[in-house]
Amino acid sequence: MFDRAIENWLDNAGERQYESAFLQLLAFEGHRIIRAPEHGPHEHGKDVVTCDRAGKVHAFQLKAGDISTKEWRQIRGEVNELVEVAINDPQLGTITRFRPALVTTGAIAEPVAHKIQLLNQGWAGRKLGRLETVERGALFSRFRAALGSFLPANLGDVQLFLKLFLAEGSEPVDTAALCGFFESFLPLDRKVRAGERRAAFAAAPIFAAMILASASRASNHLAESFGWTAVISYLLALADREPTARQSDWRPAVGIAVAAWRSAMERLLAEVPESGNWIAGNVLVDQPFVRHRKQLVLGALSALMLFCRSRGECHPGEDAVLLALLRGFEPTPFFGDAIAPALYASVLFLWVRGQERAAVEAAEAVVRFACRPPLAEFPRGIPDPYHTFEECLVARLFQPEALINEEHFGRRSFCTRQFVEFIARRNWRGPLKRLWYDITGADSAEFVPDPPLGFYRWRCPKGTVVSRQWGRPHYWGDLEASAWAAGDPNLLIFTDFPGLLLPVAIAVPQRFTPAVALRAELCLK
């Protein structure tokens, strides 16, 4: 059954749908990735450049589907560049001796294979590398070997995989189910040998590429990006679980997942200036979802801009995102704590771009909405972050009289403190003075995982919900001190990848804590 799933994935995958998995396959086989696909004019036929364990340089061109004589005529120029143009790389310098390979998820027609043989004879006379070919059968065998013992075995895991693999690409990704699938095979709760650990790091991105292929084909960039940030979270969980593991075991997998997330976000960013009124389909049906969609999309794009800033880059799309925020960002109403990380990313990006007043006003609006007394239309408080955006929105719009899972939320929020302390760190006393009566009437809650590694997981089996009541009155000095005092857990995402905290929190919102908010801000300085 699972062999058929791999075959089906290869049959339907475009270049983008299998390139991340192919990169991970190469890393698993001992290659060091030097250049990943950029889909730009400067590739010179080389989508991927690697260096193997023996020090030999390889260049790959990735294609999808069968290569007939007609397709060969279309790609012949790229293949010539692949073989004949030297590799010029900052790490390697200029390389003229390398091994070129043409990779496709389909088959290469016999006439084309014959032409490649003749071309190889001519290239050999010019002392150029011999073009190798990798077709569907070889790809299948290599992916099957890389997944190895991690293929689902029991019926429940098989059903979970099929649910994710066969999901409609236009729908939101089921992040909870995706995380549950990772937990079914990743060794997060037991020690393993180095070989099994290394194989686990390879299996997660390959499974993710298979599961998220339908979202990629449907251009559902947000769902695809959510899936990859969940992968990042679990890869880092496994890396933190084995602190003595070599970085070469886990860093390639994390780097590939980060690149896949960023690629999905770049494609989402390319669509934003063309979005117009943000309505994707029928106006009457889509209108209730527009404000929610803006909050989520602009928050995710803001997190991308902040991620680039954390790495010392200034993304060329910053102006477009800022303009979209200034024109159409509405921080309230929101229907659950799950949207809070996206709102915070937008607030933080506004501040980074010098729009401090707009940022503080947006944070103030969030606090006012989260802490206000229950009204007739919102009688039961704000659902906690385990209730997804879609679940809260549907319940609010279509079942306002029903409770989500029959829960009572009261006046409690898991996001209030982050926005209150953001305002305090800006030293804006006026907004907090105006809001303090409402703030003191609502508890600020935080879930503390036990052990701290539970931070990475969708559901942590053990932990404590810590509720905080704000003092009335409250000294400004105490508030300001606590705003700068949230301690970092000793986890890789805080120490080595702080720019990923907000992207991961947007996909896994129950991990949006005051420590995450503060560290995401500090890494920008």
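Just so you know, these numbers come straight off a predicted model, no measurement behind them.

Reading the values: rules and limits
Along each chain, numbering runs from 1 in the same order as the chain's sequence is written. Whole-chain, interface and lining totals are the exception, using all residues; otherwise, since this is a predicted model, local features are given only for residues with pLDDT of at least 70 and side-chain atom pairs are given and counted only at 80 or more. Values shown for side chains rest on all heavy atoms present in the structure; no hydrogens or waters enter the calculation. Planes of paired rings set the category: under 30 degrees apart is stacked, over 60 is edge-to-face and the rest tilted, where pairs are Phe, Tyr or Trp rings (Trp by its six-membered ring) whose centres lie within 6.5 Å. Helix and strand assignments come from DSSP, with helices taken as H or I runs of at least 4 residues and strands as E runs of at least 2, each series counted from the N terminus. Here the term buried applies to any residue with accessible area under 20% of the maximum for its type, exposed to any over 50%, and partly exposed to those in between, with areas from a 1.4 Å probe on protein chains only. Here, a charge over a ring is recorded when the distance from Lys NZ or Arg CZ to the ring centre is within 6 Å and its angle to the ring normal is within 35 degrees. Two strands qualify as a pair provided that DSSP identifies no fewer than 2 bridges between them. Interaxial angles span 0 to 180 degrees and are taken between N-to-C directions of axes, which are lines fitted to C-alpha atoms, for helices over the stretch in contact. Every angle not falling under 35 degrees, over 145, or within 65 to 115 is termed oblique; those three ranges are roughly parallel, roughly antiparallel and roughly perpendicular. For any helix crossing, the convention is left-handed if the near helix is rotated counterclockwise from the far helix by under a right angle, and right-handed if that rotation is clockwise. The contact definition used throughout considers only heavy atoms, calling two residues in contact when any of these lie within 4.5 Å. When residues are grouped by polarity, Ala, Val, Leu, Ile, Met, Phe, Trp, Tyr, Cys and Pro land in nonpolar, Asp, Glu, Lys and Arg in charged, and all others, Gly among them, in polar. To qualify as a nonpolar core, a set must consist of buried Ala, Val, Leu, Ile, Met, Phe, Trp, Tyr and Cys residues joined through side-chain atoms within 4.5 Å. Here the expected length of a helix is defined as 1.5 Å per residue gap, with one fewer gap than residues. Here, patches come from residues exposed beyond 30% relative accessible area and free of salt bridges, joined within 9 Å for like charges and within 5 Å for nonpolar side chains (Val, Leu, Ile, Met, Phe, Trp, Tyr). We get accessible surface area from the Shrake-Rupley algorithm with a probe of 1.4 Å; when it comes to residues, only the shown protein chains can shield them. By definition, a salt bridge exists where a carboxyl oxygen of Asp or Glu is found within 4 Å of a side-chain nitrogen of Lys or Arg. What pLDDT conveys is the predictor's confidence in a given residue, as a value from 0 to 100.

Regarding the packing of aromatic side chains
- Following the criterion strictly, the structure yields 21 aromatic pairs and no others.
- Note on Tyr-344 and Phe-512: the rings are 5.5 Å apart at their centroids and 55 degrees apart in plane angle, and the pair reads as tilted. Placement of the pair is Tyr-344 in helix 14 (residues 340–352) and Phe-512 in the loop between helix 21 (501–507) and helix 22 (514–522), with a sequence separation of 168 residues.
- With relative accessibility at 5%, the residue Phe-512 sits in the buried group.
- An aromatic cluster is present here, built from Phe-150, Phe-161, Phe-165, Phe-181, Phe-182, Phe-185, Phe-207 and Tyr-234 joined pairwise through their rings.
- Here the guanidinium or amino end of Arg-426 rests over the ring plane of Phe-422, the centre of that ring lying 4.6 Å away.

Structural notes on the sheet that holds strand 9 (residues 443–449)
- Taking strand neighbours across the sheet as the criterion, the three strands line up as 8-9-10 in an open arrangement whose pairing is mixed. Of all the strands in the sheet, just strand 8 (412–413) and strand 10 (463–468) have a single pairing partner and so form its edges.
- By the bridge criterion, two bridges tie strand 8 to strand 9 in an arrangement that is parallel. Along strand 9, the bridge assignment pairs Ser-413 with Ser-444.

Topic: the packing of helix 9 (residues 221–241) against helix 10 (residues 247–271)
- The interhelical angle for the contact between helix 9 and helix 10, taken along N-to-C directions, is 160 degrees, at an axis separation of 9 Å. Regarding the angle of helix 9 to helix 10, the classification is roughly antiparallel. In this structure, helix 9 crosses over helix 10, and the sense of that crossing is left-handed. Between helix 9 and helix 10, the contacting residues are His-221, Leu-222, Glu-224, Ser-225, Trp-228, Thr-229, Val-231, Ile-232, Leu-235, Leu-236 and Ala-239 on the first element and Trp-250, Ala-253, Val-254, Ala-257, Val-258, Ala-260, Trp-261, Ala-264, Met-265, Arg-267, Leu-268 and Glu-271 on the second.
- For the contact of helix 9 with helix 10, the per-class residue count stands at 17 nonpolar, three polar and three charged.

Considerations on the nonpolar core
- If you look at the biggest cluster of nonpolar residues, it comprises 154 residues, and the most contacted ones within it are Trp-9, Phe-207, Phe-419, Phe-422 and Ile-493.
- With 13 residues, the single largest contributor to this core is helix 8 (residues 194–217).
- Apart from the residues within four sequence positions on either side, Phe-422 is in contact with Tyr-344, Val-347, Leu-348, Trp-351, Ala-359, Val-360, Ala-363 and Glu-521.
- Counting residues in each nonpolar core, the second largest holds 22 residues, with Val-57, Ala-59, Trp-123 and Leu-131 among its members.

Section: helix 15 (residues 356–371)
- The end-to-end C-alpha distance of helix 15, which contains 16 residues, comes to 22 Å, matching closely the 22 Å that a straight helix rising 1.5 Å per residue would cover.
- Every buried residue of helix 15 is accounted for by Ala-359, Val-360, Ala-362, Ala-363, Glu-364, Ala-365, Val-366, Val-367, Phe-369, Ala-370 and Cys-371.
- For helix 15, the secondary structure elements touched by its buried residues are helix 14, strand 8, helix 17 (416–425) and helix 18 (429–439).

Brief notes about a nonpolar patch on the surface
- A surface patch of nonpolar side chains, amounting to about 250 Å² of accessible area, comprises Val-394, Leu-397 and Phe-398.
- Structurally, Val-394 is set in helix 16 (residues 389–398).

Some details on the pairing of strand 2 (residues 48–51)
- Alternating positions in strand 2 separate into two faces, Val-48 and Thr-50 on one and Val-49 and Cys-51 on the other, with burial throughout.
- In this sheet, strand 2 lies alongside strand 1 (residues 32–35) in antiparallel orientation, the contact comprising three bridges. If you follow Arg-35 over to strand 2, its bridge partner there is Val-49.
- Linking two consecutive strands that pair antiparallel, namely strand 2 and strand 3 (residues 57–63), is a turn of five residues; a positive phi of about 90 degrees is found at Gly-55 within it.

Points about the sheet that holds strand 3
- On the basis of which strands lie adjacent, the open sheet formed by five strands has the order 1-2-3-6-7 and mixed pairing. The strands lining the two open edges of the sheet, one partner per strand, are strand 1 and strand 7 (132–134). Taken pair by pair, the neighbouring strands of this sheet meet at an average axis angle of 30 degrees, ignoring direction.
- One ladder, built from six bridges, connects strand 3 with strand 6 (residues 99–104); its direction is parallel. Paired with Ala-59 across the two strands is Pro-100, which belongs to strand 6.
- Where helix 3 (residues 69–84) meets the sheet, it contacts strand 3 and strand 6, and its direction lies at approximately 165 degrees from that of strand 3.

Details of the confidence of the model for the chain
- In this model, the chain carries an average pLDDT of 87, and 92% of its residues clear a pLDDT of 70 or more.
- Per-residue pLDDT, averaged within each element of the chain, yields its smallest value for helix 11 (residues 283–286) (59) and its largest for helix 14 (96).

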